[in-house]
Amino acid sequence: MIARRRLLLAAPLGVAAAGGVAFWSMLTRMQGGTFDPHDIGNPMLGKHLPDFDLPGIAPSPGFSSRDVLAAAQRQPVLINFFMSTCIPCAEEAETLDALSRQGVAIWGIAWEDEPAKSAAFLDRYGNPFTRVGTDRRGTAAIDFGLYGVPESYLIDRTGRIVWHMAGGLSDVVVEQQLTPALARARV
Amino acid sequence: MIPELGHFALALACAFAFAQAIVGLWGAHRRDMRLMAATPGLAVGQLLALAGASLALVLASAWDDFSVVNVAENSAVAKPLLYKITGTWGNHEGSILLWGLILGICGGLVSVFGRTLPSALRARVLGVLGGTSAGFLLFCLTTSNPFWRSWPAPADGRGMNPLLQDPGLAFHPPVLYMGYVGFAVPFAFAVAALLEGRIDAAWGRWVRPWALVSWCFLTCGIAMGSWWAYYELGWGGYWFWDPVENASLMPWLTGTALVHSAIVVEKRESLKIWTVLLAIGTFSLSLSGTFLVRSGILNSVHAFANDPARGIFILGLLGLVIGGSLLLFALRAPLLRSGGVFAPVSREGGLVLNNIFLCSICAVVIVGTMYPPFADLLLGQKISVGAPFFNATVLPLAIPVFLAMAVGPLLPWKRGRLMPLVTHAWWAALAAVAVGGVCAGNMAVLPALAFGAATWLILGSFSEVIERTLLFRAPVANSVRRARGLPVAVLGAAIAHAGMGVTIAGIAGMSLSSNKIVEAKPGDQFKLGGYEFTLLSLSSEPGPNFASRVASIEVTQGGTPVAIMRPSKRNFASQNQTTSDVAIRTNFLRDLYVVLGDERDGQAVLRLHVNPLAPWIWLGALVMAAGGALSLADRRLRVGAPSRLRAGAVPA
């Protein structure tokens, strides 16, 4: 009886200690970049690339999901959704440019944008994309579970989405997340 | 020079706090009278040093000293002076300093008003306060120092988030922090009691005023925050179940439970262990809320620079304060003996019920707020918990509280019968059913129920006052005489409970609000909620550090003019940010609420709202706080509390 009473009175300490350990592990993993409570995630992560066939910015051809799968056989493909009026898209242009110069295959999809405006955007901020498709009505974006632009998806050899980033790519994100994900996808 | 003096004062305050902790706790342990007598002086010293540090930061900000990093990042030459001053606590570093200052004020108040406390208890309370304060000031000095300099100084500062440039928000943090930090005093009393291994009725009497003051401030602070969200954000809502809002609601719920359970300790020497746990828990929740917001663990609209490194320091601090006190609780609480026994149907029983429900609501809010990060950590699932969850879980738990709180005070101590409740409060119940019934014919079930509950609460709360003054049954003079003899606390409780009813009525009214989004060009008219809104003109006007577009809208009701409303959009060039300045016209029975949106091709987007009873939400909170403050004025509390009168006389 007394032992049970003591146990009951120690329960708050137990709860607080468990909470403390959990918070501590969240904070340390946040610093290490392996835990991000602000990352909204994507239901498509780990799933197969959705089917699509997009026209390009005339006169260049667009691409379809089959083209991506074929290219992904050789090396992982990073699909990047962008839009000409989006400021974070312009901000990540430099990072994308650096990636493409390192030989990473980046394929762009212009989301709900007029092709002429997309072309002007690429002229102004540089074109890091191997190929560009236009998703004027945003239907492919729905299949991708797009949250907003910019957003990037990494496709591995098996055609699965193995990594995903909602928001602009920065050098920190590349170093801490994309580079390891690329290394894993290349194995 | 001034910032260096402030920095020095901050370090001095930290040293005072450490000394206060060591001298107080060691002196009480050794029963050394000289050491114990020295503690209040140290607390006052800490307070003066903190006041100096705060003044230095205010001066640095008011005189535009941009070599101070904190000022450069949060202020600008063009900022109005009022916001230069209030802006010092609108950022992370300054708010930690404010937190420390208020903790210092609490210590100073205990020193001044606690002169008749037993010296060992006072030394221990001040020691615990000093220890907590020392931790926070160390945090402020090492990781969040508002006095850090940078050279060369920038020519102008970066300016404050324009959303914060608002008189309501300027005074929201100090009031809220008075609530949060004020609960440090009941916490310190609880820890001191555990150290002494003894709690009696006097302890309850000492703790209750502190808990009550903090509760009043917290109530006002939450209401101010909610009001700010309503008129400044322009979303037309008043409570969003945002993690930061929840973080303030949790200590409010347990604090409300504490205010009530301390009564039982005071009157009946029961529920001692539970009350101690509530005192520790309330302050712990206040601290955890701050920690969660600033560590970046929770997703929130409230912008503090999130920094996991700071988070780890605060977590360590929390571990010491919360873990230490709960360890002490686990070790010493079994020694505390409970006194009075009581029947399930009694005042004590009612208060236990109140505590169970309030703590259940708090538990639900904690689960809803903490589930997303925990699910992410343990299960790897991305989940968000929003308003539907909270509305569905909090409401069923709140309804029994509403039903019981109107008549709980009618129950006698020890053992009671339910029959007197029926004979004393039947008329309130009848009125509630009538109001609910009439409303049910005109609206959905839930608002009708809420209006019924509000009527029940407002009328029922005064049934004890009416009963005790024999109002309507004895001659008026007789009732007035009885009312004079009525303990102020009874009236205070009735007012506070009725305030909750006012808030519920406001929430119910708000759920009936109507709104409309329209594209308008000058001359267009729109009908909403029985009013006609006519856009008269769109114009540009300059402001002190912004430029604004203003819409003039005439509101009429059946052709009779009601108001000219002028909502605007402000563009703050220095931050390249736009805010909307909502236009609100209230007559206390409904709010007219108009927001100006974007303009295109001579057409402006307008959002029109008609919100019935909206002001009652915050009015009710003020009434609650006023009731609490009135209870404080009760002679019994003052005489019973550390009293200087008792020694003197009371000849009658």
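These numbers were taken from a predicted model, which means no experiment stands behind them.

**Things to note about the overall build of chain A**
Across its full length, chain A holds seven helices and seven strands. In terms of overall size, chain A is more extended than a compact globule, its C-alpha atoms giving a radius of gyration of 21 Å where 187 residues would be expected to give roughly 16 Å. Principal-axis analysis of the C-alpha atoms places the extent of chain A at approximately 85 × 35 × 30 Å. Here chain A holds 187 residues, and 35% of them are scored as buried. If you take every contact in chain A between residues at least 6 apart in sequence, the share linking residues at least 24 apart comes to 72%.

**Section: the overall build of chain B**
A count of helices and strands for chain B gives 23 helices and ten strands. Taken over C-alpha atoms, the radius of gyration comes to 27 Å for chain B, in line with the 26 Å a tight globule of 652 residues would show. A burial count over chain B gives 50% of its 652 residues as buried. Long-range pairs, those at least 24 residues apart, make up 74% of the contacts in chain B with a sequence separation of at least 6.

**What about the interface of chain A and chain B?**
At the junction of the two partners, chain A supplies 22 residues and chain B supplies 23 residues. Along the lines of polarity and charge, the residues of the side of chain A that touches chain B split into 15 nonpolar, five polar and two charged.

**Details of the sheet that holds strand E10 (residues 603–612) of chain B**
Pairing between the strands of a sheet comes from backbone hydrogen bonds, and it takes one of two forms, parallel or antiparallel. All names here are of chain B. Read across the sheet, four strands follow the order E1-E10-E9-E8 without closing on themselves; strand pairing throughout is antiparallel. What marks the edges here is a single partner per strand, and that holds for strand E1 (514–520) and strand E8 (583–586). On average, each strand axis in the sheet is inclined to that of its neighbour by 15°, with strand direction left out of account.

**Thoughts on the environment of arginine 6 of chain A**
Residue position: arginine 6 of chain A is located in helix H1 (residues 2–32). Separated by 177 residues in the primary sequence, arginine 6 of chain A and alanine 183 of chain A place their C-alpha atoms 53 Å from one another.

**Looking at unusual backbone geometry**
Residue proline 59 of chain A is reached from alanine 58 of chain A by a cis peptide bond, and omega for that bond is 5°. Cis geometry is adopted by the peptide bond preceding proline 152 of chain B, which originates at tryptophan 151 of chain B and carries an omega value of 0°. When you line up the elements, proline 152 of chain B lands in the loop between helix H6 (119–143) and helix H7 (167–170). In this structure, aspartate 64 of chain B is a non-glycine residue whose phi angle is positive, near 55°.

**Let's talk about the sheet that holds strand E5 (residues 132–135) of chain A**
Residues and elements named next belong to chain A. On the basis of which strands lie adjacent, the open sheet formed by five strands has the order E5-E4-E3-E6-E7 and mixed pairing. Unpaired on one side and paired on the other, E5 and strand E7 (161–166) mark the two borders of the sheet. When strand polarity is set aside, the average angle formed by the axes of neighbouring strands in this sheet is 20°. Note: strand E4 (residues 105–111) against E5, four bridges, orientation parallel.

**Here we look at the pairing of strand E3 (residues 77–82) of chain A**
Residues and elements named next belong to chain A. Burial runs high along E3: six of the six residues are buried. Across six bridges, the pairing between E3 and E4 is parallel. Following the sheet pairing, valine 77 is matched in E4 by alanine 105. Summarising the sheet, E3 and strand E6 (residues 151–155) pair through five bridges and their orientation is antiparallel. Among the inter-strand pairings, valine 77 is bridged to a residue of E6, identified as isoleucine 155.

**Remarks on the environment of asparagine 246 of chain B**
Residues and elements named next belong to chain B. Along the chain, the position of asparagine 246 falls in helix H11 (residues 243–268). Asparagine 246 gets classed as buried once you count the C-beta atoms within 10 Å, which come to 23. In this structure the C-alpha to C-alpha distance between asparagine 246 and tryptophan 206, which are 40 residues apart in sequence, comes to 29 Å. For asparagine 246, the residues in contact, after removing those within four places along its chain, are Trp241, Val365 and Thr369.

**Quick notes on helix H5 (residues 92–113) of chain B**
Counted at 1.5 Å a residue, the expected span for H5 of chain B with its 22 residues is 32 Å, and the 31 Å between its end C-alpha atoms agrees. Most of H5 of chain B sits inside the fold, with 18 of its 22 residues counted as buried.

**Here's the deal with the confidence of the model for chain A**
The predicted coordinates ought not to be read in detail in places where the model reports low pLDDT. This prediction gives chain A a mean pLDDT of 87; 95% of its residues lie at or above 70. Least confident of the elements in chain A is helix H3 (residues 87–91) of chain A, whose mean pLDDT is 83; most confident is E3 of chain A, at 94.

**Observations concerning the domain arrangement of chain B**
On domain assignment, one finds that chain B holds domain 1 (1–163), domain 2 (166–334 + 343–371), domain 3 (406–505 + 617–634) and domain 4 (514–613). Between the C-alpha centres of domain 2 of chain B and domain 4 of chain B the distance comes to 39 Å.

**Considering the pairing of strand E6 (residues 568–572) of chain B**
Residue and element names in this part refer to chain B. Alignment of strand E4 (residues 547–557) against E6, held across four bridges, turns out to be antiparallel. Looking across to E6, one finds that arginine 549 is bridged to lysine 569. Both E6 and strand E7 (residues 577–581) contribute to a ladder of five bridges, which runs antiparallel. Across the sheet, residue asparagine 571 finds its bridge partner in E7, namely threonine 578.

**Section: the nonpolar core**
One finds Phe189, Val276 and Leu457 of chain B to be the most contacted residues of the largest nonpolar core, which totals 173 residues. Tallying contributions element by element places helix H10 (residues 201–232) of chain B first for this core, with 17 residues. Once residues within four sequence positions are removed from consideration, phenylalanine 189 of chain B is found in contact with Val125, Trp203, Trp206, Val207 and Ala279 of chain B. Membership of the second largest hydrophobic core comes to 39 residues, among which are Phe81, Tyr153, Met165 and Leu178 of chain A.

**Notes on the domain arrangement of chain A**
Many descriptions give the size of an interface as the accessible area lost when the pieces come together. Assigned domains within chain A: domain 1 (1–36) and domain 2 (53–186). The gap between the C-alpha centroids of domain 1 of chain A and domain 2 of chain A is 42 Å.

**Let's talk about the packing of helix H1 (residues 2–30) of chain B against H6 of chain B**
Residues and elements named next belong to chain B. H6 packs onto H1 with a crossing angle of 150° between their chain directions and a minimal axis gap of 7 Å. If you check the angle between H1 and H6, you find them roughly antiparallel. Taken as a pair, H1 and H6 cross one another with a handedness that is left-handed. Within the contact of H1 with H6, the residues separate by chemical class into 17 nonpolar, seven polar and one charged.

**Here's the deal with the confidence of the model for chain B**
Residues and elements named next belong to chain B. Per-residue confidence for chain B averages 88 on the pLDDT scale, and 95% of its residues sit at or above 70. Averaged pLDDT values over the elements of chain B bottom out at 40 in helix H23 (residues 645–648) and peak at 96 in H1. Taken as a whole, residues 639–652 scores under 50 in pLDDT and shows 16 contacts with residues more than four places along the chain or in a different chain. Note on the complex model: pTM 0.84, ipTM 0.84.

**Notes on the packing of H10 of chain B against helix H21 (residues 615–632) of chain B**
Residue and element names in this part refer to chain B. For the pair H10 and H21, the least separation of the axes is 9 Å and the interaxial angle reads 165°. Here H10 is positioned roughly antiparallel relative to H21, judged by the angle of their axes. The way H10 lies across H21 gives a crossing that is left-handed. Mapping the contact onto sequence places Pro209, Leu212, Val213, Trp215, Cys216, Thr219, Cys220, Ala223, Ser226 and Trp227 in H10 and Trp618, Ala621, Leu622, Met624, Ala625, Gly628, Ala629, Ser631 and Leu632 in H21. Here the residues of the contact of H10 with H21 are counted per class, giving 15 nonpolar, four polar and no charged.

**Structural notes on the environment of threonine 219 of chain B**
Residue and element names in this part refer to chain B. Of note, threonine 219 is situated in helix H10. Measuring from C-alpha to C-alpha, the distance between threonine 219 and aspartate 524 comes to 42 Å, with 305 residues separating the pair along the chain. Beyond its immediate sequence surroundings of up to four residues, threonine 219 is in contact with Trp252, Ala621, Met624 and Ala625.

About the criteria used
- Residues numbered from 1 in each chain as written.
- Chains lettered and ligands numbered in written order.
- Predicted model: local features only at pLDDT ≥ 70, side-chain atom pairs only at ≥ 80, totals over all residues.
- Helix = DSSP H or I, 4+ residues; strand = E, 2+ residues; numbered from the N terminus.
- Rg over C-alpha atoms; globule rule 2.2 N^0.38 Å.
- Buried ≥ 20, exposed ≤ 12 C-beta atoms within 10 Å, placed from the backbone.
- Contact = placed C-beta atoms within 7 Å.
- Nonpolar A, V, L, I, M, F, W, Y, C, P; charged D, E, K, R; others polar.
- Pairing = 2+ DSSP bridges.
- Axes fitted to C-alpha atoms, helices over the stretch in contact; angles between N-to-C directions.
- Expected span 1.5 Å × (residues − 1).
- pLDDT = per-residue confidence, 0-100.
- Domains from an automatic or database assignment.
- Core = buried A, V, L, I, M, F, W, Y, C linked by C-beta atoms within 7 Å.
- Parallel < 35°, antiparallel > 145°, perpendicular 65-115°, else oblique.
- Left-handed = near helix turned anticlockwise from the far one by under 90°.

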